[in-house]
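Listed below, chain by chain, are the residues.
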Amino acid sequence: MRALPGLLAARAPTPRLLLLLQCLLATARPSSADGSALDLPFTSLPLREEMMANNFSSESHNISLTEHSSMPVEKNITLERPSNVNLTCQFTTSGDLNAVNVTWKKDSEQLENNYLVSATGSTLYTQYRFTIINSKQMGSYSCFFREEKEQRGTFNFKVPELHGKNKPLISYVGDSTVLTCKCQNCFPLNWTWYSTNGSIKVPVGVQMNKYVINETYANETKLKITQLLEEDGGSYWCHALFQLGESEEHIELVVLSYLVPLKPFLAIVAEVVLLVATILLCEKYTQKKKKHSGGNFLFCFLYRKSDDSNGIENNVPRHRKNESLGQ
Amino acid sequence: MGGAVVDEGPTGVKAPDGGWGWAVLFGCFVITGFSYAFPKAVSVFFKELMREFGIGYSDTAWISSILLAMLYGTGPLCSVCVNRFGCRPVMLVGGLFASLGMVAASFCRSIIQVYLTTGVITGLGLALNFQPSLIMLNRYFSKRRPMANGLAAAGSPVFLCALSPLGQLLQDRYGWRGGFLILGGLLLNCCVCGALMRPLVAVAQPGSGPPRSSRRLLDLSVFRDRGFVLYAVAASVMVLGLFIPPVFVVSYAKDLGVPDTKAAFLLTVLGFIDIFARPAAGFVAGLGKVRPYSVYLFSFSMFFNGFADLAGSTAGDYGGLVVFCIFFGISYGMVGALQFEVLMAIVGTHKFSSAIGLVLLMEAVAVLIGPPSGGRLLDATHVYKYVFILAGAEVLTSSLILLLGNFFCIRKKPKEPQPEVAAAEEEKLHKPPADSGVDLREVEHFLKAEPEKNGEVIHTPETSV
C-alpha cells in the first residue's frame, strides 16, 4: 500500500486531507529517533505468508541518500541460499517530504506493492521486504526518491563469484595436468566442467581415463586431464550451481610440445660451446705465440733460461736487470 | 735463494694482479652470482611444483635446503678434487653437472626425483664451480685481492635481482618444465667461466720436482692455525643469524600492515645497496693502512650487521624498516665482500683450497639450522621482534669471538704486532721442516705475508737474501 505517493497521484489533494494524513503519520511515528529499525507504522499491511512460515535466514540492508547525493549509491550483496530480504532506503532533505515521490524498481521494472514509506523529522524511510527463493528474484533492486532531481539507491544481488586465475596453465604433450576451481566461502550444490569447441561450450564427459573429476571438498573441484595433446589446449569453464543461480570461472590451458623450450635451450648450448671453444683456442694460440716469438724481453728471458745449463736463481735478478738495461 | 722467489717471471707463481686476472674476476663474478642466486630463483617455481605434484610448501622448501646443503657441505670434497685435478677441469665438470641436474629435473615425474636432480646434482655442480673460482681468484690477485673479492662478491646481489624475474618470466612462458630446461642451459655458462680459469703455470724449481706432488689432498693442518680456527668458529656462528633477516623482513612488513608491493620493495632496497656495498668494502679493505687489519674490519662489519638487526627489531613502521634495510644492506655487503678475503689473508694461497672447503663444511650445519630455527621461533611466539633479536645476537656473538680472539689469542704470540704475520710466524714455527721442500715454504711465506703491505720488511732467515 502506498502512502503519500498514492495520494499525490490522485492529483492535488486538498491541504486539509494532507494535514490529516501528516497527523496520522506523526502519531504513528516509531519511537526510535534514529529510524534505523523501521517498525511498520501500517499494521494493517498483510504480510506475505512465506515470510512467516519459512526458516530462511534474514538479510537486512540499508542505503542512505541525501538531496545532495551526486552519484547513485550502490551496494553489492552476495547471496548463496534463499533468504528473507529487508531493504531500507532513507532520504534526507531540507525540502518538503510530502513532495517526494518514492518508487521501487527491480532491474527496470516498477514494483507495485509491498513497499512501505514513513517519515521522521526531515528523513523519509522506505522499506521493501521480499523473499529470494530462486534465481528469478536475483538482480538489482532500486529505490527512487524524486524531488526536482531523482536520487537512487541500488542493491545488487549476486551469487558468489569464483576465484579468478589470470595466468594460463602451461603443460606439455604427453603430460597430465590438474585444473582447479575453488570458491572461497561458499558451497555450491553442483560443479560442472565445460571445454570450448570453437565457441560452443561442450560439457566435459568422463571418457576413458582422460578426464577425472575429483571433488574432495565441497568448495573446490579438480579436473585432471591425462595424456595431453595439443588440441586439448584452450579455454575451460567450471560452473558452480547454487540455488540462486550460477557462477563460472574461465581457465586457459596451453599445451606446448617439447620443441618449444628446446629451441632457446639449444641456442644457449650453441653459444656456450662457441665461447668455450673460442677461449680455449685463444689460449692455445697465445701459448704457441709465447713459445715461438722472441720479441719481448721476458720471452727472451725464457728462451735464455732454457739455454742456460745451470739456471741458478741467484743470478736471475742481475741477469734480467742487464737485459732490461740492454733493451 | 729467497730473492728469486720475489722476482719470478710473469708465468711464475706470482699473482698477476691484472691482465688475464680480470677475465678470471669476471668468471668468478658470474659463478658467485649463480651459486647464491640460484636457490632463490628456483623458489619462484615452488607454487607450480606444489600444484603439479600435489604437495605442500614445506616439501618444496626441502629443495632449497638440499641445494644449500650441497653448496656448503661438499666443501672438503671440492678441495680434494681441486688439489688432485686442478681448478679448471673441476669447474668444467661442475658446470656440466649443474646443467645436467636441471635438464633432468625438467623430465621428473615425482618430487623425490626433483630433490635428487635439482637438489643434489645441481647443488654439487654449483659447489664444484664456486670453490675453485675463489681459489683461482686468490691465485690471480694479491695486491688488489680485497678489491677483486669485493667485485666478485657483488655478483650475488646482481644475479639475485636478475634471476628471480627471469625465473618468473620463464615460468609464465614455458611452465616449470620448460623453465627448468632453460635454466639448465643458462647454468652451462658456468662452463664458459670455467674455461676462463687459465691455470697459472708455476716455473719448475730445479731440484725439487713438481710442487704439486707433495701437497696433500686435504690439508687438515690448517686446524693448527689459531687464526683459522677462530675464523671458522666465528663464521659458523655468524651464518646462523646472517641469512635470517632477508628471509623474514617482507613478512615482518606485512605483519605491520604494509601492503604487499611496498613490502617486496624492501628486498629491492636491500639488494640494491648490497650491489654497491660489496665493491666499496673491497676497496676499503684494499687500502694500504686498512689491509693489515682486515680481520678487524671483518669483525666490525659483523658487529654492524648484528647491531642493525637489533635496531631493526625495534622498527614499528615502514620507514623504520626501510632504514633497517639500508643499514643491513651495507653491513651485509661488507660481510659478503670480506669473508673470503679475510680467510685468504689468514691461511694464505697454499692452504686456501683446503681451508675454504673446511670452513664451508662447518658453515653448512649452521646454514641449515639458522633460518628454520628462526621460523620455529616465529611459530612459537608470533612476534617478529624476537626473530630479529635472535639473529642480531648470533651475529654479534660471532663478531665478538673474532675480535676478542684475534686481539688476545693471536697477540699472545711473541712480539709481532700484526695478526697475519704473527700467524705466519707461528705457523712456520710449528711446521716440521721435513714436511715439504724449502721452496714451498718460501712461496707460502711470501704469499701469506707480503712485506710491502705491512710497511716494513720482515727479517727472517728465509727472506734475507
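Residues numbered from 1 in each chain as written. Chains lettered and ligands numbered in written order. Predicted model: local features only at pLDDT ≥ 70, side-chain atom pairs only at ≥ 80, totals over all residues. Heavy atoms only, no water.

A. Structural context of the sheet that holds strand β7 (residues 123-132) of chain A. All names here are of chain A. Across the sheet, 4 strands lie side by side as β1-β3-β7-β6; this open sheet has mixed pairing. Here the strands that pair on one side only, and so sit at the sheet edges, are β1 (57-66) and β6 (115-120). The mean angle between the axes of side-by-side strands here comes to 20 degrees, regardless of whether they run parallel or antiparallel. Both β1 and strand β3 (residues 83-92) contribute to a ladder of 10 bridges, which runs parallel. The partner of Leu65 across the bridge, within β3, is Phe91. (Pairing = 2+ DSSP bridges. Helix = DSSP H or I, 4+ residues; strand = E, 2+ residues; numbered from the N terminus. Axes fitted to C-alpha atoms, helices over the stretch in contact; angles between N-to-C directions.)

B. Geometry of the domain arrangement of chain A. Residue and element names in this part refer to chain A. Its domain assignment divides chain A into domain 1 (57-158) and domain 2 (162-258). The C-alpha-based centres of domain 1 and domain 2 are spaced at 39 Å. Contact with domain 1, which involves 9 residues of that partner, is made by 8 residues of domain 2. Ranking the residues of domain 1 by area buried against domain 2 places Glu80, Pro82 and Ser135 at the top, with a combined share of 68%. For the pair domain 1 and domain 2, the interface holds 0 salt bridges. Counting the contacts that link domain 1 with domain 2 gives 1 residue pair in polar contact (both at pLDDT 80 or more). Classifying every residue of the side of domain 1 that touches domain 2 by side-chain character gives 5 nonpolar, 2 polar and 2 charged. (Domains from an automatic or database assignment. Contact = heavy atoms within 4.5 Å. Buried area = accessible area lost by both parts, 1.4 Å probe. Salt bridge = Lys/Arg side-chain N within 4 Å of Asp/Glu carboxyl O. Polar contact = N/O pair within 3.5 Å; in protein donor to acceptor, adjacent residues only side chain to side chain. Nonpolar A, V, L, I, M, F, W, Y, C, P; charged D, E, K, R; others polar.)

C. Region of interest: the domain arrangement of chain B. Residues and elements named next belong to chain B. The domain boundaries assigned to chain B delineate domain 1 (15-199) and domain 2 (218-413). A C-alpha centroid distance of 21 Å is found between domain 1 and domain 2. Of the residues lining the interface, 33 residues belong to domain 1; the matching set on domain 2 comes to 33 residues. The contact between domain 1 and domain 2 buries some 2,700 Å² in all, and 69% of this surface belongs to carbon and sulfur atoms. When the buried area of domain 1 at its contact with domain 2 is split by residue, Tyr72, Asn138 and Pro146 rank highest and sum to 22% of it. Joining domain 1 to domain 2, the criterion identifies 1 salt bridge. Note that Arg145 and Glu341 form a salt bridge whose closest N and O atoms lie 3.2 Å from each other. Counting every contact that joins domain 1 to domain 2 gives 9 residue pairs in polar contact (both at pLDDT 80 or more).

D. Up close: the side chain of Asn138 of chain B. Secondary-structure assignment places Asn138 of chain B in helix α7 (residues 111-140). Among all residues touching Asn138 of chain B, those that are not within four sequence positions of it are Arg145, Met344, Gly348, Thr349 and Phe352 of chain B.

E. Here's a closer look at a nonpolar patch on the surface. All names here are of chain B. Among the surface-exposed residues, Val93, Leu96, Phe97, Leu100 and Ile121 lie close enough to one another that they form a single nonpolar patch of about 420 Å² accessible area. The biggest single contributor to the nonpolar patch is helix α6 (residues 87-105), with 4 residues. Tracing the chain through its elements places Ile121 in helix α7. (Patch = residues over 30% accessible without salt bridge, like charges linked within 9 Å, V, L, I, M, F, W, Y side chains within 5 Å. Areas by Shrake-Rupley, 256 points an atom, 1.4 Å probe, with all protein chains shown as cover.)

F. Region of interest: empty space enclosed by the protein. Residues and elements named next belong to chain B. Following the criterion strictly, the structure yields 12 cavities of 30 Å³ or more and no others. Looking at the largest cavity, its volume works out to about 130 Å³. Taken together, 15 residues line the largest cavity, and the ones lying closest to its centre are Tyr36, Leu242, Phe243, Gly336 and Gln339. Of all the elements in the fold, those that place two or more residues in the lining of the largest cavity are α11 (226-242) and α15 (318-381). Looking at which element gives the most residues to the lining of the largest cavity, the answer is α15, with 7 residues. (1 Å grid on protein atoms, 1.4 Å probe; cavity = no way out; pocket = protein on both sides within 12 Å on 5 of 7 lines; lining within 4 Å. Points joined across faces, edges and corners; volume = space filled by probe spheres on them.)

G. Quick peek at the nonpolar core. Counting residues in each nonpolar core, the largest one holds 134 residues, and the members touching the most others are Phe34, Phe228, Phe298 and Leu343 of chain B. Per-element accounting of this core gives the leading share, 26 residues, to α15 of chain B. Beyond its immediate chain neighbours, meaning those up to four positions away, Phe298 of chain B contacts Tyr231, Met238, Val335, Leu338, Gln339, Val342 and Leu402 of chain B. Counting 47 residues, the second-largest nonpolar core is a separate cluster that includes Ile77, Cys89, Phe130 and Leu228 of chain A. (Core = buried A, V, L, I, M, F, W, Y, C linked by side-chain atoms within 4.5 Å. Buried < 20%, exposed > 50% of the residue type's maximum accessible area, 1.4 Å probe, protein only.)

H. Representation of the pattern of salt bridges within the structure. Taken as a whole and judged by the stated rule, the model has 14 salt bridges over all chains. Notably, a salt bridge pairs Lys182 of chain A with Glu220 of chain A, separated by 4.0 Å at the nearest N-O pair. One end of the pair, Lys182 of chain A, is in strand β11 (residues 177-182); the other, Glu220 of chain A, is in strand β15 (residues 220-225), and 38 residues separate them in sequence. Look at Lys182 of chain A and you get partly exposed, because its relative accessible area is 39%. Residue Glu220 of chain A is classed as buried on the basis of its relative accessible area of 8%. The salt bridge partner of Arg177 of chain B is Glu52 of chain B, with a shortest N-O separation of 3.4 Å. Taken together, the positions of Arg177 of chain B in helix α9 (residues 155-187) and Glu52 of chain B in helix α3 (residues 46-53) put the pair 125 residues apart, joining distant regions of the chain. Judged by its relative accessible area of 3%, Arg177 of chain B is buried. Via salt bridges that share partners, Asp175 of chain A together with Glu52, Arg109 and Arg177 of chain B belong to a single interconnected network.

I. Molecular detail of the packing of aromatic side chains. Under the criterion given, the structure shown has 32 aromatic pairs over all chains. Relative to Phe155 of chain A, the ring of Trp104 of chain A lies with its centre 6.4 Å away and its plane at 15 degrees, an arrangement referred to as stacked. Of this pair, Trp104 of chain A sits in strand β4 (residues 101-106) while Phe155 of chain A sits in strand β9 (residues 150-158), and the two are 51 residues apart along the sequence. In terms of burial, Trp104 of chain A and Phe155 of chain A fall into one category: buried. Aromatic pair Tyr128 of chain A and Tyr141 of chain A: ring centres 6.1 Å apart, planes at 35 degrees, arrangement tilted. Of this pair, Tyr128 of chain A sits in strand β7 while Tyr141 of chain A sits in strand β8 (residues 140-146); the two residues are 13 residues apart in sequence, bridging distant segments of the chain. Grouped by ring-pair contacts, the aromatic residues Phe243, Tyr252, Phe324, Phe328, Tyr332, Tyr384 and Phe388 of chain B constitute a single cluster. (Phe/Tyr/Trp six-rings, centres within 6.5 Å; stacked < 30°, edge-to-face > 60°.)

J. Structural view of the sheet that holds β4 of chain A. Read from one edge of the open sheet, 5 strands run β2-β9-β8-β4-β5 (chain A), paired in mixed fashion. The open sheet has two edge strands, β2 (73-78) and β5 (109-110) of chain A, and neither has a second partner.

K. Main features of the packing of helix α2 (residues 21-43) of chain B against α7 of chain B. All names here are of chain B. Axis separation between α2 and α7 bottoms out at 9 Å; the angle between their running directions is 150 degrees. Taken together, α2 and α7 sit at an angle that is classed as roughly antiparallel. Crossing of α2 over α7 shows left-handed handedness. Of the residues in α7, those touching α2 at Gly21, Val24, Leu25, Cys28, Ile31, Thr32, Phe34, Ser35, Tyr36, Phe38 and Val42 are Thr118, Thr122, Leu126, Asn129, Phe130, Ser133, Leu134, Met136, Leu137 and Tyr140. Here the contact of α2 with α7 is composed, by residue class, of 14 nonpolar, 7 polar and no charged. (Parallel < 35°, antiparallel > 145°, perpendicular 65-115°, else oblique. Left-handed = near helix turned anticlockwise from the far one by under 90°.)

L. Expanded view of the UniProt feature "domain: Ig-like" (unreviewed entry) in chain A. Sites flagged by UniProt as "domain: Ig-like" (unreviewed entry) map to residues 72-143 and 160-240 of chain A. The distance separating the terminal C-alpha atoms of residues 72-143 of chain A is 10 Å; by composition the span is 0% helix and 61% strand. (UniProt positions renumbered as here; feature names shortened; annotations may be inferred.)

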